[in-house]
There are 2 protein chains.
Amino acid sequence: MTGLQAPHALKVGELAKAVGVSTDALRYYERAGLLPPPDRSPAGYRLYPPSAADRVHFIQGCQRLGLRLAEIADLLDVRDTGQCPCEPAESLLRRRIVELDRELDRLTRLRSDLQAMADQLHGADCPDPDPGTWCPPGSKNMKEVTDDGHQKGLPLLR
Amino acid sequence: MTGLQAPHALKVGELAKAVGVSTDALRYYERAGLLPPPDRSPAGYRLYPPSAADRVHFIQGCQRLGLRLAEIADLLDVRDTGQCPCEPAESLLRRRIVELDRELDRLTRLRSDLQAMADQLHGADCPDPDPGTWCPPGSKNMKEVTDDGHQKGLPLLR
DNA sequence: GTTGACCTTGAAGTGGGCTCCAAGGTTTAA
DNA sequence: TTAAACCTTGGAGCCCACTTCAAGGTCAAC
Ligand SMILES: [Zn+2]
Ligand SMILES: [Zn+2]
Ligand SMILES: [Zn+2]
Ligand SMILES: [Zn+2]
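## Things to note about the protein's contact with DNA strand C
Now for step 1: The immediate surroundings of DNA strand C are formed by 18 residues, with S22(A), Y45(A), Q63(A), G13(B) and R46(B) found nearest.
Now for step 2: Close to the protein, within 4 Å, the atoms of DNA strand C belong to sugar or phosphate groups at a rate of 72%.
Now for step 3: Taking R27(B), its side chain carries an N or O atom lying 3.0 Å from a phosphate oxygen of DNA strand C.
Now for step 4: One of the side-chain N or O atoms of R40(B) is found 3.0 Å from a phosphate oxygen in DNA strand C.
Now for step 5: Those elements that provide at least two residues to the surface near DNA strand C are α2 (23-31) of chain A together with α1 (12-19) of chain B.

## Comments concerning the protein's contact with DNA strand D
Now for step 1: What surrounds DNA strand D is a group of 18 residues, the closest being G13(A), R46(A), S22(B), D24(B) and Q63(B).
Now for step 2: Sugar and phosphate atoms represent 76% of those atoms of DNA strand D found within 4 Å of the protein.
Now for step 3: Note that a base oxygen of DNA strand D is positioned 3.5 Å from one of the side-chain N or O atoms of Y45(A).
Now for step 4: Between Y45(B) and DNA strand D, the recorded distance is 2.8 Å, taken from a side-chain N or O atom to a base nitrogen.
Now for step 5: Of all the secondary-structure elements, those providing two or more residues to the surface near DNA strand D are α1 (12-19) of chain A together with α2 (23-31) of chain B.
Now for step 6: Among the elements that make up the surface near DNA strand D, the one with the highest residue count is α2(B) (four residues).

## Looking at the side chain of R96(B)
Now for step 1: Its place among the elements puts R96(B) in helix α5 (residues 86-122).
Now for step 2: Residue class for R96(B) comes out buried when judged on its relative accessible area of 14%.

Calculation rules
- Residues numbered from 1 in each chain as written.
- Chains lettered and ligands numbered in written order.
- Predicted model: local features only at pLDDT ≥ 70, side-chain atom pairs only at ≥ 80, totals over all residues.
- Heavy atoms only, no water.
- Near = heavy atom within 4 Å.
- Polar contact = N/O pair within 3.5 Å; in protein donor to acceptor, adjacent residues only side chain to side chain.
- Helix = DSSP H or I, 4+ residues; strand = E, 2+ residues; numbered from the N terminus.
- Buried < 20%, exposed > 50% of the residue type's maximum accessible area, 1.4 Å probe, protein only.

Written out as structure tokens, the structure reads:
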């Protein structure tokens, strides 16, 4: 409506509301090199072009994929040059998939460990143990010791 | 061998080496309330009883389960009182399992999204796009826009 | 008696992605 | 005219589990 500086320019709060992030986050993206320094109004207010909204959407999409801001900045640099983005994007994605597989593996094993512990706990007859010397509740291996000679704690808490 | 202060007392470096953490971490655990303040030698050196090693092992085991230090501190408090630990342990475990399930779900969906993107990327014929206007590589929906009227980026990067 | 490995303390730094604050200047509506 | 609602900046704070630093004191070996 104003049209003085540029058509449809957005002040920082307007952009923030449009894309659903805080104004602080937008200024942070600028410092981090994800958003180029926008034009300023005579009073020094940031005036973003409408395309900035797409840029922030892109950032948000990348974040949903688990990419870090530094990686997103790399992608945006490529995007700005107009070069084919497939190569960097593909290697980023593959790296991230490998990370995810490792993490999924770790969490899956962890989950089954926790489940095993919780199951043991549930059926336990449980007299109070000696203070400071757990007491694997309901376990027959209370007296077992680890290879360095210490008493075992809860199962898997060696 | 010394036996002056206490039998088999460990200096901080000895305990650290025995359990495989840094001396700084041990002092940090003390500040955080996970390790009780140990006796001191005349020179002010920390002298840990051998049971401190078990305590640290317990901490490490809990950490492997993904528990935070504050939660571990709660468990240790119970352990020190000699009360039956099943109740707090069980609710901690259940809470953690729920967290894990949510996280596993999230990561699994993420992984399949990334895989889909990587697959699209691979078979793409790819002319360089216009700068700043990606260019969903190899996608037929280049012209699609999101519900707020902006151009779509890479698939799933809306 | 001197080197060097150990120990002490409090404070500050790390990383990631922000958030919050103070102390101002600007714009807009009443 | 003045209040409210915006905007600016630099810098600090947050979370977590540490690590690193600075500036010393202590203890063993040679
Ligand atoms: Zn391409
Ligand atoms: Zn042990
Ligand atoms: Zn019990
Ligand atoms: Zn949009």
